[in-house]
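A look at the structure
The primary structure of each chain is shown beneath.
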Amino acid sequence: MTDIAAVLSQTLGTELAAPAMTADEATAAGMPGMGFAQARINEEPQHARPEFARDLRLPLTTFETWAQDHLDHLGDTR
């Protein structure tokens, strides 16, 4: 999430925060289950991971490109 916040911060031109938290910290911050779901995603392979698409030679779009394209599509509302 910190990587995503960094890309969106750069794309939007405003600082966004996504603090790294343990599952217990996320629960205490009012996000029950969030930390546990993220931990599981990190431990178990997911079918939508970029490396699987690369293995199939599917075209990929970086998150940076996706974010900029969507900002361009929506228009600059800053």
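Residues numbered from 1 in each chain as written. Predicted model: local features only at pLDDT ≥ 70, side-chain atom pairs only at ≥ 80, totals over all residues. Heavy atoms only, no water.

The phi torsion at Arg57 lies on the positive side, around 60°, for a residue other than glycine. Mapping Arg57 onto the fold places it in the loop between α4 (50–55) and α5 (63–74). Looking at Arg57, the relative accessible area reads 79%, which means it is exposed. (Helix = DSSP H or I, 4+ residues; strand = E, 2+ residues; numbered from the N terminus. Buried < 20%, exposed > 50% of the residue type's maximum accessible area, 1.4 Å probe, protein only.)

It is worth spelling out a nonpolar patch on the surface at this point. Together, Met1, Ile4, Phe63 and Trp66 line one region of the surface with nonpolar side chains, adding up to about 380 Å² of accessible area. Note that Phe63 resides in helix α5. Looking at Phe63, the relative accessible area reads 31%, which means it is partly exposed. (Patch = residues over 30% accessible without salt bridge, like charges linked within 9 Å, V, L, I, M, F, W, Y side chains within 5 Å. Areas by Shrake-Rupley, 256 points an atom, 1.4 Å probe, with all protein chains shown as cover. Salt bridge = Lys/Arg side-chain N within 4 Å of Asp/Glu carboxyl O.)

Moving on, we get to the layout of surface pockets. In this structure, the largest pocket spans a volume of roughly 780 Å³. Lining the largest pocket are 24 residues; nearest its centre among them are Met1, Thr2, Ile4, Gln38 and Asn42. Residue assignment for the lining of the largest pocket shows that the elements contributing at least two residues are α1 (2–12), α2 (23–28), α3 (34–43) and α5. A total of 6 residues in the lining of the largest pocket trace back to one element, the largest contributor, which is α3. Looking at side-chain class alone, the lining of the largest pocket contains 16 nonpolar, 5 polar and 3 charged residues. (1 Å grid on protein atoms, 1.4 Å probe; cavity = no way out; pocket = protein on both sides within 12 Å on 5 of 7 lines; lining within 4 Å. Points joined across faces, edges and corners; volume = space filled by probe spheres on them. Nonpolar A, V, L, I, M, F, W, Y, C, P; charged D, E, K, R; others polar.)

Turning our attention to the environment of Thr27. Structurally, Thr27 can be placed in helix α2. Take Thr27: its relative accessible area is 37%, and that puts it in the partly exposed class. Excluding anything up to four places from it in sequence, Thr27 contacts Pro32, Gly33 and Phe36. (Contact = heavy atoms within 4.5 Å.)

Note that predicted coordinates carrying low pLDDT should not be read in detail. When pLDDT is averaged along the chain, the result is 83, and 90% of the positions lie at 70 or above. Per-element averaging of pLDDT across the chain places α3 at the bottom with 72 and α1 at the top with 91. (pLDDT = per-residue confidence, 0-100.)

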